Amino acid sequence: MNPTRRNFLRASGGTVVASVLGFNVQKAYAQAQELKIARTTETRSTCPYCSVSCGVIIHTLGDKAKNVTAQVVHVEGDPDHPINRGTLCPKGSSLMQDILNDRRLLKPQVRRPGSDHWEDIGWDQAYNEIARHIKKTRDETFITTDAQGRSVNRLESIAWNGGCTDTNEFNYLVVKTMRSLGVCFLENQARV
Amino acid sequence: MTNGWIDIKNTDMMLIMGGNPAENHPCGFKWPIEAKRQRNAKMIVVDPRFTRTAAVADLFLQIRAGSDIAFLGGVIHYALENGRVAKEYLVNYTNAAFVIREGFKLPEDGLYSGFDPSAQTYNKATWNYQESGGKAAPTENTPPLLPPNVDFDPALENPRCVYQLLKQQYSRYTPEMVERITGIPKDQFLKAADLFTSIRKDGDTKQVATIIYAVGWTQHTFGSQIIRTAAMLQLLLGNVGRAGGGVNALRGHSNIQGATDMAGIFDNLPGYLKVPTPADGNFAGWMKRITPTASKPKDWESWNYWSNTPKFAVSLLKSMYGAAATKENDWAYAYLPKVDREYSWAHIWDDMYRGNVKGLLAFGMNGVAIGPNSQKNIDALKKADWLVVCDLYPEETSSFWQSPGVPPEEKKSIQTEVYRLPGAGFAEKDGTFVNSARWLQWKWAAVPPPGDAKLDQEILTRIFLKVRELYQKEGGKFPDPIVNLAWNYTDPENPSLAEVAKELNGRALGDVTDPATQQVIKAGQQLPGFAFLRDDGSTASGNWLWCGSWTEAGALIQRRGTDDPSGLGIYPNWGWSWPMNRRVLYNRASCDLNGKPWDSGRRQVWWNEAQKRWVGNDVPDFKPDSQPKDHMGPFIMNPEGVGRLFVPLGGMADGPFPEHYEPFESPIANPLHPSQSNNPVVKKFSTNLDKYGTSAEGYAIVCTTYRLTEHYHYWTKNNPMNVELVPEMFVEIPVELANELGIIGGEPVKVTSARATYHAKAMVTRRIRPMTIDGKKVYQIGLPIHQGYRGIQEDAGRVPRSIANLLSPTVTDPNAYTPEFKGFLVKLEKA
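What counts, and at which threshold
- Residues numbered from 1 in each chain as written.
- Chains lettered and ligands numbered in written order.
- Predicted model: local features only at pLDDT ≥ 70, side-chain atom pairs only at ≥ 80, totals over all residues.
- Helix = DSSP H or I, 4+ residues; strand = E, 2+ residues; numbered from the N terminus.
- Rg over C-alpha atoms; globule rule 2.2 N^0.38 Å.
- Buried ≥ 20, exposed ≤ 12 C-beta atoms within 10 Å, placed from the backbone.
- Contact = placed C-beta atoms within 7 Å.
- pLDDT = per-residue confidence, 0-100.
- Pairing = 2+ DSSP bridges.
- Nonpolar A, V, L, I, M, F, W, Y, C, P; charged D, E, K, R; others polar.
- Axes fitted to C-alpha atoms, helices over the stretch in contact; angles between N-to-C directions.
- Parallel < 35°, antiparallel > 145°, perpendicular 65-115°, else oblique.
- Left-handed = near helix turned anticlockwise from the far one by under 90°.
- Expected span 1.5 Å × (residues − 1).
- Core = buried A, V, L, I, M, F, W, Y, C linked by C-beta atoms within 7 Å.
- Domains from an automatic or database assignment.

**Here's the deal with the overall build of chain B**
Helix and strand content of chain B: 23 helices and 33 strands. Radius of gyration (C-alpha) of chain B: 27 Å, near the 28 Å computed for a compact globule of 831 residues. Once the C-alpha set of chain B is aligned to its principal axes, its extents read approximately 75 × 70 × 55 Å. Within chain B, the proportion of its 831 residues that are buried is 60%. Across chain B, contacts joining residues at least 24 apart in sequence account for 70% of those joining residues at least 6 apart.

Shown next, in the form of structure tokens:
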């Protein structure tokens, strides 16, 4: 096995340290904590910010047994990634606080017409209401033929705004669904 | 990027302009530094501010925002005057020798031939090549096409050949003119032009230069033409296709390259297929319009790879509609919307403000903060019937009805129903992003979404399936594409992105045989590459450009091979790069006419005479068995087979060569042609909220916007660590301007444009100096953009609830439809 950085870090939790250093560190060693990432699961991901595409490793704890949810304990740059070589910028370095963030939206909500507050709404009801909005708007405004009588089958009253971290696969589902509705105003961060 | 991040280490010369990678792409910036350290490469940085990129440059020039074409045109002029061009490359790999038809006129007065002032568009019939043999040009009443046989003069002496016209066009871009427009003193400009073109000194063909840019170039009313000017300079110097060369967009978001490939924009379908128009009539008519035919000198060859367009389009429709797309029903052509107007970003908000767009679905896209002209976007949302936002944090768009300036009583009159749905973050989702080097890299999900949040694909899918159910039960307008959309995922309510990735690559629907090798792909198998796509319905592929990414060999996008045998930073087994894992586009151009690399030290691909094939360290971006003597052009996606110094016909909306126009709001009249100061085909808007300012009205300061290293757009204002690093936004103000206005660093100031006022603190700096533009003293100021009205600091009332893009104008580039976020006019006051 090649002595990679992570293997070394793991091994250094054991007695190998004493022999490498050549003097007795038993006392210090007894007080050293086991590394936080020693028993984590490593998941390879890509930083969601700029387009350098730095490889990141997300460390999670949790044995993946039933009813146990993995917990993120550390995020670091992937030293194997040919572009970033383990480095991360101030934004990439704070990714753990993006994953574990108490400002995250945790439940669907709706603001009713004329209202001054958000109300909770169940997912199923949200899906039903949104689908009804889409169908109503589409049926009222769908354009089958243009002024010259040519077939156009287009919808100019519903717009899609896609984000910069939407994956390619998600974006393909957007093209499939939105174009099938006839959506013309299909745009993305890519434009701006 | 034509090249890639690591490839920058192979360069000898860098021009970094319209971008600030040291601060905005810090982990990619190690590669320019590597080039400096290992190759002694030189770095020229041109920017309105002395940035941290500028701090490590060999030469820094401060430029006025929006004058980039004048600078680059000046460098082209210098290269031509001093013989600093790659002659063999220029003659054989570009359209320099092509002859342009009679009647074409250069824009000495600011206008090319064919301008129609009433429609504000060009009739582009004269923007064309001359047919070989001096045959009459096509008559004006037929739709103009490129001639199949082009008249050309390899001696480059014909006064109407592209090379001579190019010389004439940029002869006006003298160092004196560059100084008047850009504010860069003549001697400094000459130093930069000499340094950049020094790679071609004394006929050297070994050295390579790269050009690196970002949204400092794209966000102008002539942004596409700035990038064209850079591409032309690189073609003149023979730098495209070569390791360490190319035209390289840094890109500021993790998947906007992928979103463009996947047609997240109104005018494309996946793989850059142009959307159908009402005039196309049927599938054949659509194909006829969007499939180019070769146009070249008689004795040259052109692969014209877009001639395969029908294969890509049929495979896409088979992927989308499966069995419902048949030859008999024109591959379900009727299902696609037909468009003949612009539906770009700025138009969404304009049409919503006018009451035409009634519903908006925004997934991870904060249109209010992104702007431009944020107040118009807010007021547009007030008029919508409904809004669905899927995001991670409370953000400005879903909270538009709570924005500053909306009094409680107005809320009652805002009838928009707003759904705010909790989506999943990057760590909770798998799938691929495409980086700026065109690499597709799979990421794996580490944790489930928190609370009741859901995966975005599940949210979108369940909305769609509910709509479909309603159409199945109740009928309605044109339900066919909705009910017939192929949706054969194992879990139809929550499609696995791995399944979608395989669908994007595509598979054989019947047995497909490669005529050259007799290799058979059996029905149901994943296709090995886009050469196997067919236009008879026997293949399906969601995006032809990514065909080859998930084959029978497995998910190439998941590869993690760390070997780099050539040492050029190609990493052929890491992830997968479109097209067909080629890491440098147009790499045939890295060799001379005989197929021998220009530089034996940086061998990418080459012609192997024994094998009669192109081989190499990279995958040849070329017809593999095309012999050098056949003179096939390296630019296989152009019908000419060569790079375009001159863009014929409809390629560009505003001219075959770039011309300097002033930003829409400018402190001066264009010194080249004061009577035609702006881009004549610029797209401006006309609602009561679309106001544009002039210096006469007191808007005399040039304002530009940018990002900080510590923040990302409007997300990290929710992240405690980033907020701690930079807790509040500021306005960068030149010391001299601050002194004139009596502003002290740290004081609150307000910046006002014709549209709105923005509040932040003053940061008095020497990083931006006063400039002399056409004899006039001009100040520039800079705004980092990361403030909004929802965030840790905003919610705590510690910073102004104010968005930088309240200031920016809705006025767009006629080619890419990108708004002019850079270089608009403002006034500055103490708050």
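**Considering the overall build of chain A**
Looking only at helices and strands, chain A has six helices and eight strands in total. Along chain A, from the amino end to the carboxyl end, the secondary structure elements read α-α-α-β-β-β-α-β-β-α-β-β-α-β. Scored against the burial criterion, the 192 residues of chain A give a buried share of 46%. The long-range fraction of contacts in chain A, counting pairs at least 24 apart against all pairs at least 6 apart in sequence, stands at 36%.

**Notes on the confidence of the model for chain B**
Scored by pLDDT, chain B comes out at a mean of 97, with 99% of its residues at no less than 70. For this predicted complex, the interface confidence comes out at an ipTM of 0.97, alongside a pTM of 0.95.

**Brief notes about unusual backbone geometry**
Residue and element names in this part refer to chain B. A cis amide bond links Gly371 with the next residue in sequence, Pro372, at an omega value of 0°. Note on placement: Pro372 falls in the loop between α15 (367-370) and α16 (374-383). Following Trp578, the chain continues into Pro579 via a peptide bond in cis, with omega recorded as -10°. Although it is not a glycine, Met580 sits at a positive phi angle of roughly 50°. Along the polypeptide, Met580 turns up in the loop between β21 (576-577) and β22 (605-608). Not every positive phi belongs to a glycine, and Tyr586 is a case in point at roughly 60°. As for its position among the elements, Tyr586 is in the loop between β21 and β22. Classification of Tyr586 by C-beta neighbours within 10 Å gives buried; the count is 24.

**Things to note about the sheet that holds β21 of chain B**
Across the sheet, which stays open at both edges, the three strands sit in the order β13-β14-β21 (chain B) with antiparallel pairing between neighbours. In this open sheet, the two edge strands, each paired with only one partner strand, are β13 (431-434) and β21 of chain B.

**Remarks on the interface of chain B and chain A**
Accessible area lost during the coming together of the parts is what is often quoted as the interface size. Facing 128 residues of chain B, the contacting portion of chain A comprises 100 residues. The element contributing the most residues to the side of chain B that touches chain A is helix α18 (residues 456-474) of chain B, with ten residues. Tallied by class, residues from the side of chain B that touches chain A come to 74 nonpolar, 36 polar and 18 charged. Bridging between strand β7 (residues 151-162) of chain A and strand β10 (residues 359-363) of chain B involves five bridges; their strand directions are parallel. Of the residues in β10 of chain B, the one forming a bridge with Asn161 of chain A is Ala362 of chain B.

**A word on the packing of helix α4 (residues 68-81) of chain B against helix α8 (residues 186-197) of chain B**
Residues and elements named next belong to chain B. Running from amino to carboxyl end, α4 crosses α8 at an angle of 60°, the nearest separation of the two axes being 10 Å. In terms of their interaxial angle, α4 and α8 are classed as oblique. When the axes of α4 and α8 are compared, the crossing they make is right-handed. Where α4 abuts α8, its residues Gly74, Val75, Tyr78 and Ala79 lie against Phe189, Ala193, Phe196 and Thr197.

**Here's the deal with the sheet that holds strand β1 (residues 41-46) of chain A**
Residue and element names in this part refer to chain A. As summarised here, the arrangement of the three strands in space is β1-β2-β3, forming an open sheet in which the pairing is antiparallel. Whereas interior strands pair on both sides, the edge strands pair on one side only; in this sheet they are β1 and β3 (71-77). Across the sheet, the axes of successive neighbouring strands diverge by a mean angle of 30°, strand direction being ignored. Pairing of strand β2 (residues 55-61) with β3, which is carried by six bridges, proceeds in the antiparallel orientation. Counted as the bridge partner of Val56 is Gly77 from β3.

**Thoughts on helix α13 (residues 309-321) of chain B**
All names here are of chain B. In this model α13 runs 18 Å from its N-terminal to its C-terminal C-alpha over 13 residues, within 8% of the 18 Å that 1.5 Å per residue would give. Counting buried residues in α13 gives twelve out of 13 residues, a clear majority hidden from the surface. A positive backbone phi angle near 50° is found at Gly322, which sits one or two residues after α13.

**Observations regarding the nonpolar core**
Counting residues in hydrophobic clusters, the biggest one holds 283 residues, and the most contacted among them are Phe185 of chain A together with Val162, Tyr213 and Cys703 of chain B. When neighbours within four sequence positions are excluded, Val162 of chain B is seen to be in contact with Asn95, Ala96, Phe98, Ile100, Leu645 and Phe646 of chain B. Listed in part, the six residues of the second largest apolar core include Phe115, Tyr122, Met652 and Ala653 of chain B.

**So, the domain arrangement of chain B**
The domains assigned to chain B are domain 1 (6-252 + 641-651), domain 2 (588-634) and domain 3 (674-830). Look at where the C-alpha atoms of domain 2 of chain B and domain 3 of chain B centre, and you get two points 49 Å apart.

**With respect to the packing of α4 of chain B against helix α7 (residues 175-182) of chain B**
All names here are of chain B. One way to put it is that α4 packs onto α7 with a least axis distance of 9 Å and a crossing angle of 165°. Here α4 lies roughly antiparallel to α7, going by the angle between them. As for the relative orientation of α4 and α7, their crossing is left-handed in sense. Here Ala70, Phe71 and Gly74 of α4 come into contact with α7, specifically with Pro175, Val178, Ile181 and Thr182. Classifying every residue of the contact of α4 with α7 gives five nonpolar, two polar and no charged.

**Concerning the environment of Leu111 of chain B**
Residues and elements named next belong to chain B. When you line up the elements, Leu111 lands in the loop between α5 (87-93) and β4 (115-116). Considered as a pair, Leu111 and Ala192 are 81 residues apart in the sequence and their alpha carbons are 29 Å apart. Residues within four places of Leu111 in sequence aside, it is in contact with Gln676 and Pro680.

**Quick notes on the pairing of strand β14 (residues 439-443) of chain B**
Residue and element names in this part refer to chain B. Burial analysis of β14 places five of its five residues in the buried class, which makes it a mostly covered element. Across the two faces of β14 the burial is the same, with Trp439, Gln441 and Lys443 and Leu440 and Trp442 all buried. As judged from the four bridges shared by β13 and β14, these two strands associate in the antiparallel manner. When the bridges of β14 are listed, Val434 appears paired with Leu440. The turn linking β13 back onto β14 is made up of four residues, and Arg438 within it adopts a positive phi angle of 70°. In the sheet, β14 pairs with β21 via two bridges, with the strands oriented antiparallel. Across the sheet, residue Leu440 finds its bridge partner in β21, namely Trp576.

**Some remarks on helix α20 (residues 497-505) of chain B**
What α20 of chain B keeps buried is the set Leu497, Val500, Ala501, Glu503, Leu504 and Asn505 of chain B. Those residues of α20 of chain B that are buried are in contact with α6 (168-181) of chain A together with α13, β13, α18 and β19 (550-551) of chain B. Gly506 of chain B sits one or two residues past α20 of chain B and shows a positive phi near 100°.

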